Amino acid sequence: MTTFAPPAGPVTGALPLPVRRRPGFSLEGPFYTSAEIFAEDIDRVFSSQWIFAGTEAEIPRTGDYLTVTFGHQSVIVIRDGDDVRAMHNVCRHRGTRLLDETCGTVGNIVCGYHKWTYRTNGELMFAPAQPPNFDKTCFALRSVHVRSLDGLIFICLAADPPADIDTVAGLVSPYLAPHGLKNAKVAARSEIVEHGNWKLVMENNRECYHCDNHPELICTFFPTYGYEPDEIPPNLLPAYDRFLAAENDLHAKCDAAGLPYEAIEELDGRDVGFRIQRESLDGAGESFSADGSAVCRRSLGGFTDKRLGRLSMHVQPNFWSHVLSDHAVVFSVLPLTVSTTVVRTTWLVDAEAEEGIDYDLDELTTVWNHTNEQDGEIVARAQLGVSSPAYEPGPYAPSEYQVEKFCSWYIDAMNAGEPRPEPAGRSTGESG
Amino acid sequence: MTTFAPPAGPVTGALPLPVRRRPGFSLEGPFYTSAEIFAEDIDRVFSSQWIFAGTEAEIPRTGDYLTVTFGHQSVIVIRDGDDVRAMHNVCRHRGTRLLDETCGTVGNIVCGYHKWTYRTNGELMFAPAQPPNFDKTCFALRSVHVRSLDGLIFICLAADPPADIDTVAGLVSPYLAPHGLKNAKVAARSEIVEHGNWKLVMENNRECYHCDNHPELICTFFPTYGYEPDEIPPNLLPAYDRFLAAENDLHAKCDAAGLPYEAIEELDGRDVGFRIQRESLDGAGESFSADGSAVCRRSLGGFTDKRLGRLSMHVQPNFWSHVLSDHAVVFSVLPLTVSTTVVRTTWLVDAEAEEGIDYDLDELTTVWNHTNEQDGEIVARAQLGVSSPAYEPGPYAPSEYQVEKFCSWYIDAMNAGEPRPEPAGRSTGESG
Amino acid sequence: MTTFAPPAGPVTGALPLPVRRRPGFSLEGPFYTSAEIFAEDIDRVFSSQWIFAGTEAEIPRTGDYLTVTFGHQSVIVIRDGDDVRAMHNVCRHRGTRLLDETCGTVGNIVCGYHKWTYRTNGELMFAPAQPPNFDKTCFALRSVHVRSLDGLIFICLAADPPADIDTVAGLVSPYLAPHGLKNAKVAARSEIVEHGNWKLVMENNRECYHCDNHPELICTFFPTYGYEPDEIPPNLLPAYDRFLAAENDLHAKCDAAGLPYEAIEELDGRDVGFRIQRESLDGAGESFSADGSAVCRRSLGGFTDKRLGRLSMHVQPNFWSHVLSDHAVVFSVLPLTVSTTVVRTTWLVDAEAEEGIDYDLDELTTVWNHTNEQDGEIVARAQLGVSSPAYEPGPYAPSEYQVEKFCSWYIDAMNAGEPRPEPAGRSTGESG
């Protein structure tokens, strides 16, 4: 496209690069408060890396769609026969946003302004009252790369997406595939706006040092979550023994069933930074509930044993999830402005499960609805604090090592001019 | 004024000039989203060109006033005997805004802070507790140029306003004068905030390519509105024949009565870009209503024939109107911020018309209240879309040629260092 | 602190210094509207000078606290035994804001995120799950200078606060001490947001030229307030005679009791610009009420004579107060954004006074609740006006001479690279 107008608005390159940080310490204030850095976050992170968009379970039939909005970007993710397609939510005529809703179903994609009509594969099908020489093929919707990892949909807005999504797909598939997320059904959704920068939302999720704030959640999390084995505080040693016993039990069961459980932790050092691990749950060990027992009577993936712990997965920069024997809960983090962030939560159950018979909606959603709300309060308070000129980065505790890795990945992503080469090897984490 | 403080805030010249665009295509995104360009819009367009302020019918008696606000500017337009005056709505003492309301009536203009009191001609009449050497004549309100075109009030904040208002006044007067707008009465007003840049509001008004969104309005608009004769789509040929018959009928009638109807279209190429034309209406052909029949029993201007079509007039950058045999509806577009715009609508009827007897308020206002609301939704969706980094300018259809002219006029206005000389000749448009 | 990230956000030095103004005229528009100048106001004025934080009466017991927020700063002011301490409201771990409320009581200061726990003197007492080499003494809350002037708490965020607070403390103590504010009790508080720049709020308070807007307040203010003796308008001469008689009576009484009353006016020319004076009240002469009679039956400070007028004190940049024989009312002005400002009002009565018996809450607060509301409307209108490009500074009337001094002090504070040396002498104002 020839540029006829002068440049205006945030420009890549306006931020002096490379950005830097002090290892082991939280990021400096401007990373959470500067509109210029936020513009770079949208450009260099969310528009350049693979980001999580939603699940195939949400768009089972042709014409079912999701919209994914962050900063000023908006992307349509739509089912087109066997394919999932992604395209910018911007009409090629005068730029009008095409689809307003978070999710829905359309026959074709029709612009509400002048009725330009696009097929579910993005092709312009009809534009009223054009002259004879109008070439529809020049005005298809601008496409976006899309990739499903066993039902988890990732998109990338870059022309040349990071290639190591293929490697990561291969690494996580043995963990994910047995749970059949592709064929699950959406039981519930929520979308909340948290009053803090998206990085505070992600950092908050990468440690359980703060989990005393989550009484509903920690019923089933071992209190030693996040600690290195040699750093367990003395008062938590009994809980650690309980954890070890539950882990032994889970590992024996998984070995018998051919289910992988070992942690793979490559949160930084590669484009698609990720972590996956199956871990035992405290209490009844089945699901997120007050006593740890299942909240859906039907298994997700056809397992007969309910005590499969949680298969927890995290992908930089905006995804985490937990897959249990009875349901899955997946999260996406979408930056709105420098100080506001959308958190979308989707609960999936088996396609045959019926509300009121197999599960109660309140019971299914209560733990994470409460947890999200609690985290929202924390994030708002954190945003206020790091906005102070008196804030200076503080030290991470050992149990916050994944926050450190998030920050490290983020700084690398900001400094990356081009997608990096595939890392030579991979390390396997040892703790959960 | 000697500047004692350093410059701050948007400065003319901060935007690299000249700005440019690709002919035939919509404007690039920053024109709708950049705060810097918006500041230039306020400065180089709304504070330099003639803009529409309201109607004389709204301020019939001395002391009746309107306020016109856009960006951070606010102007008082006030009746002062036979004159209409305009002045900045800023006290000369410590700068307080003088009049808060959109319209009203005052004896003198009294500042609510320290009671500095100005006459309706702007002179400072009284300032309490000043020393003997205080010279009131140095502190009159800062005046603004004002010009009435047969009852339509235009103002210009520039020291040296574009001179071609005189030419335009002469061109439009034969069309306007017979309708007696000066002596009309205000039947209704509305003011809505649309969530889009002011240019999206104006562009939206310059084509009927989108008029399927306006079921109430298109009852009386021929479906061929906006098409060039040789570009009528085949399915609209019957409607075009109906339009031609109605036009013939209207022209014969106007020729007999001495009413001009031919289009004058000089939307770009001059400072006071404008378009005026009398066109026939579909249906009963009298007014804006479901079946095209009149909504006020009294004629506006004393005509006995109700089938006079609509006299439609547009003036860059912020005005359009329709004058019918029974009422007139006039619009002003006032930018608030880069992404919000006020649209003011005023319905005028004959001075003697009585609500409840000659007209029903809901019936009079329903078409344009609905149309404004529908346009507001369109404009909001357009603003979201053009804000996307993925937006790129798209091609205008033939029926959007007036949008093209609006953009062309706008770019010229932005690039004009000084008011341009009067254009040598004028062209007369051929279509409606 | 080593800076690892590039600078972002407002930077000291971005504003061309020195700033200037035209003496005798109001400040130019950008001082009220520019985000850059506002950032400098927060940095060079509110974070460099002594500012008013609240009263000791509000925090009588250890653990009682106030929070003081302005711009992005937030400071805790807390009772710690006999001491009052002040510290940044920012956790040393990951920067979270510690205390959310305007005032309250805590045992220790516990961060809601990860339970880092600080003593009321700011020392870090406990940080969970840290490695053995973690040194708590490195992570005390960042302290802020604090100074009580006979119960009025001032804080300074600068490393090296202006030293002349000592001189000012000595000058005002003879006036303040007899009233025993330290041992008063809080009867009421209010906090309102005014929609104008903080300087408009302060300027508004420094003159009674606008007091016709305050019918409740001017019951007890002599109409000649703010005029120089030789500039009293003729129509106010009778009121001036009444004022002189009341003054004579008050002075005789104060001389007998050893209470100082003479004005000390050093509003500019020093860091802690201030003014203090005891003046007679009109009407019954006792307090702020419709007829000037007392609104609390108990004396504040143990006086038996109720006709002690008002001891009025003003300190740049954000404080004024009135101490009467029966109650005191103190105000702090806290900038939120360039165009919004918090005004906090606290009413103090004798520690033994009981609501419903000694005073009625509505009666106590009605005058200043109305006055604050009226001033809020004025300030909002002033902000709108000075935001206009058409605004230019206007001349101050003689009765606005203290506004002139406020502006003069402000410009000096903005230009001060370092705290200025103590001024050599001081002048004593002659009027009230």
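Treat the numbers as computed from the prediction; the structure is a model and nothing was measured.

## A short note on the overall build of chain A
Here is step 1: Scanning chain A for helices and strands turns up 7 helices and 17 strands.
Here is step 2: For chain A, whose C-alpha radius of gyration is 22 Å, the value lies close to the compact-globule estimate of 22 Å for 432 residues.
Here is step 3: Each of the three principal axes of chain A carries a C-alpha extent, and together these read 80 × 55 × 40 Å.
Here is step 4: Here chain A holds 432 residues, and 61% of them are scored as buried.
Here is step 5: Across chain A, contacts joining residues at least 24 apart in sequence account for 68% of those joining residues at least 6 apart.
Here is step 6: Within the structure as shown, chain A displays about 16,000 Å² of accessible surface, and the carbon and sulfur contribution to it stands at 50%.
Here is step 7: Across chain A, the centroid of the 35 positively charged side chains sits 6 Å from that of the 61 negatively charged ones.

## A few points about the layout of surface pockets
If a probe the size of a water molecule is rolled over the atoms, the empty space left behind becomes visible.
Here is step 1: Space inside the second largest pocket adds up to approximately 550 Å³.
Here is step 2: In terms of lining residues, the second largest pocket is bounded by 29 residues, among which Pro223, Tyr227, Pro233 and Leu236 of chain A together with Ala129 of chain C are the most central.
Here is step 3: By residue class, the composition of the lining of the second largest pocket is 20 nonpolar, 6 polar and 3 charged.

## What to know about the relation of the copies chain B and chain C
Here is step 1: Its rotation angle being 120°, the transformation that places chain B on chain C also includes 0.0 Å of axial translation and leaves an RMSD of 0.1 Å. With respect to symmetry, the two chain copies, as superposed, fit the operation of a three-fold axis. Closest to the rotation axis within chain B is the C-alpha of Ala35 of chain B, separated from it by 7.9 Å.

## Some details on empty space enclosed by the protein
Here is step 1: As enumerated under the stated definition, the model contains 19 cavities of 30 Å³ or more in all.
Here is step 2: Volume-wise, the largest cavity comes out at about 230 Å³.
Here is step 3: Forming the boundary of the largest cavity are 25 residues, of which Asn205, Arg206, Phe221, Tyr225 and His322 of chain C lie nearest the centre.
Here is step 4: When residues of the lining of the largest cavity are traced back to their parent elements, those giving at least two are helix H4 (198–205), strand E13 (274–279), strand E14 (310–315), strand E15 (319–323) and helix H6 (361–386) of chain C.
Here is step 5: When residues of the lining of the largest cavity are assigned to their parent elements, the largest contribution, 4 residues, is made by E14 of chain C.
Here is step 6: In this structure, the second largest cavity occupies an estimated 200 Å³ of space.
Here is step 7: The wall of the second largest cavity is formed by 23 residues, among which Asn205, Arg206, Phe221, Tyr225 and His322 of chain B lie closest to the centre.
Here is step 8: The element best represented in the lining of the second largest cavity is strand E14 (residues 310–315) of chain B, accounting for 4 residues.
Here is step 9: Here the lining of the second largest cavity is composed, by residue class, of 8 nonpolar, 9 polar and 6 charged.

## Side note on the pattern of salt bridges
Residues and elements named next belong to chain C.
Here is step 1: In the structure shown here, the tally under the stated rule is 70 salt bridges over all chains.
Here is step 2: A salt bridge links Asp305 to Lys253; the nearest nitrogen and oxygen atoms lie 3.2 Å apart. On the criterion of sequence distance, the pair formed by Asp305 in the loop between E13 and E14 and Lys253 in helix H5 (residues 237–257) is long-range, its members being 52 residues apart.
Here is step 3: Residue class for Asp305 comes out partly exposed when judged on its relative accessible area of 30%.

## Side note on helix H2 (residues 35–46) of chain A
Residues and elements named next belong to chain A.
Here is step 1: Here H2 lies mainly inside the structure; 9 of its 12 residues are buried.
Here is step 2: Here H2 has its buried residues at Ile37, Phe38, Ala39, Glu40, Asp41, Ile42, Arg44, Val45 and Phe46.
Here is step 3: Regarding H2, its N-cap is Ser34, as a side-chain oxygen of that residue lies 3.1 Å from the backbone nitrogen of Glu36 further along.

## Re the sheet that holds strand E5 (residues 103–105) of chain A
All names here are of chain A.
Here is step 1: Ordered in space as E1-E10-E9-E4-E3-E2-E5, the 7 strands form an open sheet in which the pairing is antiparallel. Looking at which strands have only one partner, the edges of the open sheet turn out to be strand E1 (51–55) and E5. Here the strands of the sheet are splayed against their neighbours by 30° on average, with no regard to which way each runs.
Here is step 2: By the bridge criterion, 4 bridges tie E1 to strand E10 (residues 152–156) in an arrangement that is antiparallel. Paired with Thr55 across the bridge in E10 is Leu152.

## Remarks on the packing of aromatic side chains
Here is step 1: Scanning the entire structure with this criterion turns up 54 aromatic pairs over all chains.
Here is step 2: Between Phe221 of chain A and Tyr225 of chain A, the ring centres sit 5.3 Å apart and the planes meet at 80°, which makes this aromatic pair edge-to-face.
Here is step 3: On the basis of relative accessible area, Tyr225 of chain A is assigned to the buried category, the value being 15%.
Here is step 4: Each ring, one from Phe221 of chain B and one from Phe288 of chain B, has its centre 6.1 Å from the other, and the planes form 20°; the classification is stacked. Of this pair, Phe221 of chain B sits in the loop between helix H4 (198–205) and helix H5 (237–257) while Phe288 of chain B sits in the loop between strand E13 (274–279) and E14, placing them 67 residues apart in sequence. For the pair Phe221 of chain B and Phe288 of chain B, one class covers both residues: buried.
Here is step 5: We note Arg22 of chain A situated over the ring of Phe25 of chain A; from NZ or CZ to the ring centre the distance is 4.0 Å.
Here is step 6: If you follow Arg310 of chain A out to its NZ or CZ, it ends over the ring of Phe221 of chain A, 4.3 Å from the centre.

## Details of the interface of chain A and chain B
Here is step 1: On the side of chain B, 40 residues touch chain A, which itself brings 31 residues to the contact.
Here is step 2: Carbon and sulfur atoms supply 60% of the area buried between chain A and chain B, which totals about 3,100 Å² over both sides.
Here is step 3: Between Glu400 of chain B and Arg94 of chain A there is a salt bridge, and its shortest N-O distance comes to 2.7 Å.
Here is step 4: The interface formed by chain A and chain B holds 17 residue pairs in polar contact (both at pLDDT 80 or more) in total.
Here is step 5: Among the residues forming the side of chain A that touches chain B, the class breakdown is 14 nonpolar, 11 polar and 6 charged.

## A short note on the interface of chain B and chain C
Here is step 1: The interface of chain B with chain C comprises 31 residues on the first partner and 40 residues on the second.
Here is step 2: Each partner contributes to the roughly 3,100 Å² buried at the junction of chain B and chain C, and carbon and sulfur atoms together form 59% of this total.
Here is step 3: Here chain B and chain C share 5 salt bridges between them.
Here is step 4: Residue Arg92 of chain B is joined to Glu392 of chain C by a salt bridge in which the shortest nitrogen-to-oxygen separation is 3.4 Å.
Here is step 5: Residue composition of the side of chain B that touches chain C, by class: 14 nonpolar, 11 polar and 6 charged.

## As for the pairing of E13 of chain B
Residue and element names in this part refer to chain B.
Here is step 1: Among the 6 residues in E13, 6 count as buried, and that is most of the element.
Here is step 2: Residues Phe274, Ile276 and Arg278 of E13 are buried on one face, and the alternating residues Arg275, Gln277 and Glu279, pointing to the opposite face, are buried as well.
Here is step 3: Note: strand E12 (residues 264–266) against E13, 3 bridges, orientation antiparallel. From the neighbouring strand, Glu266 faces E13, where its bridge partner is Phe274.
Here is step 4: Direction of pairing for E13 relative to E14: antiparallel, over a ladder of 6 bridges. From the neighbouring strand, Phe274 faces E14, where its bridge partner is Val315.

## Thoughts on the state of the cysteines
Here is step 1: With the rule as written, the count across this model stands at 3 disulfides over all chains.
Here is step 2: There is a disulfide in this structure between Cys208 of chain B and Cys211 of chain B, and the S-S distance comes to 1.9 Å. Between Cys208 of chain B and Cys211 of chain B the disulfide shows an S-S torsion of about -95°. By sign, it is left-handed. One exposure class covers both Cys208 of chain B and Cys211 of chain B, and it is buried.
Here is step 3: Free cysteine Cys254 of chain C: the closest other cysteine sulfur is in Cys296 of chain C, separated by 20 Å.

## Some points on H5 of chain B
Counting along an α-helix, one turn takes 3.6 residues, and residues three or four places apart therefore face a common direction.
All names here are of chain B.
Here is step 1: The end-to-end C-alpha separation of H5 is 30 Å, in line with the 30 Å expected for 21 residues at 1.5 Å each.
Here is step 2: Considered for burial, the residues of H5 that qualify are Ala239, Tyr240, Phe243, Ala246, Glu247, Leu250, Lys253 and Cys254. The arc that holds the buried residues of H5, viewed along the axis, is 150°, so those residues lie on one side. For H5, exposure combined with an orientation more than 90 degrees from the buried face picks out Pro238, Asp241, Asn248, Asp255 and Ala256.

## Some remarks on unusual backbone geometry
Residues and elements named next belong to chain A.
Here is step 1: A cis amide bond links Gln316 with the next residue in sequence, Pro317, at an omega value of 5°.
Here is step 2: Looking at where Pro317 falls in the secondary structure, it is placed in the loop between strand E14 (310–315) and strand E15 (319–323).
Here is step 3: Unlike most non-glycine residues, Ala129 shows phi in positive territory, near 55°.
Here is step 4: Mapped onto the secondary structure, Ala129 falls in the loop between strand E8 (124–126) and strand E9 (143–149).

## Overview of the sheet that holds strand E7 (residues 117–118) of chain C
All names here are of chain C.
Here is step 1: Taken together, 3 strands build an open sheet; the order of strands is E6-E7-E8 and the sheet is antiparallel. The open sheet is flanked by strand E6 (109–110) and strand E8 (124–126), the only strands paired with a single partner.
Here is step 2: Bridging between E6 and E7 involves 2 bridges; their strand directions are antiparallel. Counted as the bridge partner of Ile109 is Tyr118 from E7.

## A short note on the side chain of Glu203 of chain B
Here is step 1: You can see Glu203 of chain B is positioned in helix H4.
Here is step 2: In this view, Glu203 of chain B contacts Arg94 of chain A together with Leu27, Tyr32, Val403, Phe406 and Cys407 of chain B; residues no more than four positions away in its chain are not counted.

## Here's the deal with the confidence of the model for chain A
Residue and element names in this part refer to chain A.
Here is step 1: Mean pLDDT over chain A stands at 92; residues scoring 70 or higher make up 93%.
Here is step 2: In this model, residues 418–432 is a region of pLDDT below 50 whose contacts with residues beyond four sequence positions or in other chains number 37 contacts.
Here is step 3: Confidence metrics for the complex model read pTM 0.92 and ipTM 0.90.

Conventions and cut-offs
- Residues numbered from 1 in each chain as written.
- Chains lettered and ligands numbered in written order.
- Predicted model: local features only at pLDDT ≥ 70, side-chain atom pairs only at ≥ 80, totals over all residues.
- Heavy atoms only, no water.
- Helix = DSSP H or I, 4+ residues; strand = E, 2+ residues; numbered from the N terminus.
- Rg over C-alpha atoms; globule rule 2.2 N^0.38 Å.
- Buried < 20%, exposed > 50% of the residue type's maximum accessible area, 1.4 Å probe, protein only.
- Contact = heavy atoms within 4.5 Å.
- Areas by Shrake-Rupley, 256 points an atom, 1.4 Å probe, with all protein chains shown as cover.
- Lys, Arg positive; Asp, Glu negative; His and termini not counted.
- Charge placed at Lys NZ, Arg CZ, Asp CG, Glu CD.
- 1 Å grid on protein atoms, 1.4 Å probe; cavity = no way out; pocket = protein on both sides within 12 Å on 5 of 7 lines; lining within 4 Å.
- Points joined across faces, edges and corners; volume = space filled by probe spheres on them.
- Nonpolar A, V, L, I, M, F, W, Y, C, P; charged D, E, K, R; others polar.
- Least-squares fit on C-alpha atoms with pLDDT ≥ 70 in both.
- Salt bridge = Lys/Arg side-chain N within 4 Å of Asp/Glu carboxyl O.
- Polar contact = N/O pair within 3.5 Å; in protein donor to acceptor, adjacent residues only side chain to side chain.
- Pairing = 2+ DSSP bridges.
- Axes fitted to C-alpha atoms, helices over the stretch in contact; angles between N-to-C directions.
- Phe/Tyr/Trp six-rings, centres within 6.5 Å; stacked < 30°, edge-to-face > 60°.
- Lys NZ or Arg CZ within 6 Å of the ring centre and 35° of its normal.
- Buried area = accessible area lost by both parts, 1.4 Å probe.
- Disulfide = S-S within 2.5 Å.
- Expected span 1.5 Å × (residues − 1).
- Arc of directions from axis to C-beta.
- pLDDT = per-residue confidence, 0-100.

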